Amino acid sequence: MRFEYTWRWYGPQDEIRLSDISQCGATGIVNALHEIPYGEVWSLDAIKKRKTMIEDAGLKWSVVESVPVHEDIKKRTGDYKQYIQNYKQTLINLAECGVYTVCYNFMPVLDWTRTDLNYRLENGTYALRFDATKFAAFEIFILKRDGAQKDYTEVQIQKAETYFNTLTNQDINELTDNLIAGIPGGKSGLTLEGVREILEEYKDIDAIKLHENLEYFLNEIIPVAEEKDILMCIHPDDPPYSVLGLPRIVSTNKDVDRLMNSIPSRNNGLTLCTGSFAVRPENDLVEMVDKYADRIHFLHFRSIQREPDGSFFEAEHLQGNSDIAKVMNAIIKSDKLSSNYRVPMRPDHGHKMLADIHKNHYPGYSCFGRLKGLSELKGLEQGLRFKYS
Ligand code: DNO
C-alpha cells in the first residue's frame, strides 16, 4: 500500500491558500463544506464549485472531512429519518462529482476537545494539550454537570478545586471557549446552558444505545455507499473515552472490532488516527492495521505524549507515544491491498512555530508545523521502504 499525501484545507476562508499547500508537498486536499449547516444536503452545485476551485489549483479533492452526522441521528430522535435521507443524498452527490472518501464521526455533542490551545514546549513552539485537572475543574465547577463528581476520585476533585480557585473570570471564559466553542467543526456558538440542555437529551443514551444508533445509521447508508463506491471512514473518539458523562464508542481495539463486524463491508471503514487511539496505552494500532488494512481509508498521523494523570499533549510527529513508524511500517507491509494502492494520509495537526506563532490559524492547523510533520513522515516512509525492500 502506498500513500497519497494530503492536507486539510478549511476552504476559501482558510489563510493557508491552495497554492501554499502545493509548495508544502501535498497533492490531495481534505476539505468539507463547513458553511452548510449540519444535516442539510450538500448540493451538486456547491460540491462542483468547491471541486473546481481545488482542481484549478492543480490539486485533487481526495477526502471529505467530514460530512457531519446530525445529533438527531446519534440520538435517533426528532427528524433523524429526514437527516439520514439528506446524508444519503449528499453521498450520492459527492459520488457524482467524483469525490469518494468520506470521513465522519459519531461522538455525541462535542467533537475533539482540548483544554489548552497554546501549550508552550521547551523549544518555543506551541502544542495542543488536554489537561485532566483542568477538564475536571471545567465540568465540576464551571459547567456544574449533574453527577460529574462521581466520575472522579476524591484526590482528583481536590486537585480540580484547587486549580479552579486560582482562575480569574477571563481564565474561565478561555477554558470554556477552548472546550465547547472554539474549534472548527465543533459546535461553535454553544453556551454552558446549551451544553447542559444537550446533555439532558442524552441522559438515557448509554454506550449500548449509541452503538445501536450507529448501526442503524450504517445499515441505512452503507448500501448507498456500496452502490456509489463511497468509502466511509469513521474517525475515532478524541480523547478516546467518555467525556462529560457521554458515551463514546470508537475508542478501543474492541470498539473497532465491533464496528467492523457489525457491517462487514469494505465501504464501512475507519480513519486510523494515531493520535486519538494512542491516548489509551492498551490500544494496539498495529493490530488494527493487521486486521483491517483494507478498511482503513484514511490516515491521520499525529503523536501524543501521555502523562501519568491522564493528561496528554501533542508531541512532534516522530516523538511521543504514538509510534507512527511502527504503524506506517505495518501499513506498507500489509498484503491486504495491492502494493500500488494509495491510501490518503495527512499530517494531523502541527505545532505552532516560526512565523505562524502570531497568526490566527485554526487550532492545530497552522502551516509550518504541518509542513514539518509532512516532511518527516515522507522521510520516514522512504526510510522504511528502503529498509524493508
Ligand atoms: C481534528 C480532527 C477532527 C475530525 C473529525 C472527523 O483535528 O481530526 O475534528 O475532523 O472528528 O469527523
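Keep in mind that what you see is a predicted model, and the values were worked out from it rather than measured.

A. Up close: the pairing of strand E6 (residues 126-130). Burial of E6 is extensive: four of the five residues sit out of reach of the surface. In terms of strand pairing, strand E5 (residues 116-120) meets E6 through three bridges, oriented antiparallel. Note that in E6 the partner of Asp116 across the bridge is Arg129. The turn joining E5 and E6, which pair antiparallel and follow one another in sequence, is formed by five residues; a positive phi near 90 degrees is taken by Gly124. Here E6 pairs with strand E11 (residues 312-315) via two bridges, running antiparallel. Within E11, the residue paired with Phe130 across the bridge is Phe312.

B. Quick peek at unusual backbone geometry. The omega angle of the peptide bond from Glu65 to Ser66 is -10 degrees, so this bond is cis rather than trans. As for its placement among the helices and strands, Ser66 is situated in the loop between strand E3 (60-65) and helix H3 (71-75). A cis geometry characterises the amide bond from Asp238 onward to Pro239, with omega recorded as -5 degrees. Residue placement: Pro239 occurs in the loop between strand E7 (231-234) and helix H10 (253-262). One non-glycine residue, Asp229, lies in positive phi territory at about 65 degrees.

C. Highlighting the layout of surface pockets. In this structure, the second largest pocket encloses a volume near 420 Å³. Lining the second largest pocket are 17 residues, and of these Arg145, Asp146, Leu199, Lys203 and Leu244 sit closest to its centre. Across the lining of the second largest pocket, the residue classes break down as six nonpolar, two polar and nine charged.

D. Quick peek at the site of the ligand. Surveying the vicinity of the ligand reveals 15 residues, the closest of which are Glu65, Ser66, Asp111, His349 and Tyr365. One of the side-chain nitrogen or oxygen atoms of Ser66 is found 2.5 Å away from an oxygen atom of the ligand. Asp111 is positioned such that a nitrogen or oxygen atom in its side chain is 2.8 Å from an oxygen atom of the ligand. Burial of the ligand by the surrounding chains reaches 99%, relative to a free accessible area of 330 Å². Residues that form the shell around the ligand fall into these classes: five nonpolar, five polar and five charged.

E. Structural detail: the pattern of salt bridges. The tally for this structure, following the rule as stated, stands at 32 salt bridges. Here Glu282 and Arg280 are joined by a salt bridge, their closest N and O atoms 2.9 Å apart. For Arg280, a relative accessible area of 24% gives the class partly exposed.

F. Looking closely at the environment of Asn86. Position of Asn86 relative to the elements: it lies in helix H4 (residues 80-96). Its relative accessible area of 13% is what places Asn86 among the buried residues. Along the chain, Asn86 and Asn253 lie 167 residues apart, while their C-alpha atoms are 31 Å from each other. Among all residues touching Asn86, those that are not within four sequence positions of it are Gly39, Glu40 and Val41.

G. Structural view of the sheet that holds strand E9 (residues 296-301). With respect to topology, eight strands assemble into a closed barrel ordered E1-E2-E3-E4-E7-E8-E9-E12, the strand pairing being parallel. Neighbour-to-neighbour, the strand axes of this sheet turn through a mean angle of 30 degrees, independent of strand direction. Relative to strand E12 (residues 342-347), E9 is paired through three bridges, and the arrangement is parallel. Paired with Phe301 across the strands is Pro347, a residue of E12. Of the strands in this sheet, E3, strand E4 (101-104) and E7 are in contact with H4, which crosses E4 at around 145 degrees. Contacts from helix H12 (residues 285-292) reach strand E8 (268-273) and E9 within the one sheet, and its direction differs from that of E8 by about 150 degrees.

H. Representation of the packing of aromatic side chains in the model. Summed over the entire model, instances satisfying the criterion amount to 13 aromatic pairs. Measuring from ring centre to ring centre gives 5.0 Å for Tyr87 and Phe217, while their planes differ by 85 degrees; the resulting arrangement is edge-to-face. In this pair, Tyr87 sits in helix H4 while Phe217 sits in helix H9 (residues 207-228), placing the two residues 130 residues apart along the sequence. Across the pair, Phe217 and Tyr87 agree in class, each one buried. A network of ring pairs unites the aromatic residues Phe130, Phe135, Phe138, Tyr241 and Phe312 as a single cluster. Across the ring face of Tyr216, the terminal group of Arg76 is positioned such that the distance to the ring centre comes to 4.4 Å. The ring of Tyr119 has Arg129 lying over it, and the distance from NZ or CZ to the ring centre is 4.7 Å.

I. View of the side chain of Asn268. Mapped onto the elements of the fold, Asn268 is located in strand E8. Excluding anything up to four places from it in sequence, Asn268 contacts Tyr104, Leu218, Ile222, Met232, Leu259, Met260, Ile263 and Arg295.

J. Region of interest: the pairing of E3. Extensive coverage of E3 is indicated by the burial of five of its six residues. With four bridges connecting them, strand E2 (residues 28-31) and E3 associate as parallel partners. Following the sheet pairing, Ile29 is matched in E3 by Trp61. Handedness of the crossover joining E2 and E3 through helix H2 (residues 44-56): right-handed.

What counts, and where the lines are drawn
Residues numbered from 1 in each chain as written. Predicted model: local features only at pLDDT ≥ 70, side-chain atom pairs only at ≥ 80, totals over all residues. Heavy atoms only, no water. Buried < 20%, exposed > 50% of the residue type's maximum accessible area, 1.4 Å probe, protein only. Helix = DSSP H or I, 4+ residues; strand = E, 2+ residues; numbered from the N terminus. Pairing = 2+ DSSP bridges. 1 Å grid on protein atoms, 1.4 Å probe; cavity = no way out; pocket = protein on both sides within 12 Å on 5 of 7 lines; lining within 4 Å. Points joined across faces, edges and corners; volume = space filled by probe spheres on them. Nonpolar A, V, L, I, M, F, W, Y, C, P; charged D, E, K, R; others polar. Near = heavy atom within 4 Å. Polar contact = N/O pair within 3.5 Å; in protein donor to acceptor, adjacent residues only side chain to side chain. Areas by Shrake-Rupley, 256 points an atom, 1.4 Å probe, with all protein chains shown as cover. Salt bridge = Lys/Arg side-chain N within 4 Å of Asp/Glu carboxyl O. Contact = heavy atoms within 4.5 Å. Axes fitted to C-alpha atoms, helices over the stretch in contact; angles between N-to-C directions. Phe/Tyr/Trp six-rings, centres within 6.5 Å; stacked < 30°, edge-to-face > 60°. Lys NZ or Arg CZ within 6 Å of the ring centre and 35° of its normal. Right-handed = clockwise from strand over helix to strand, strands pointing away.

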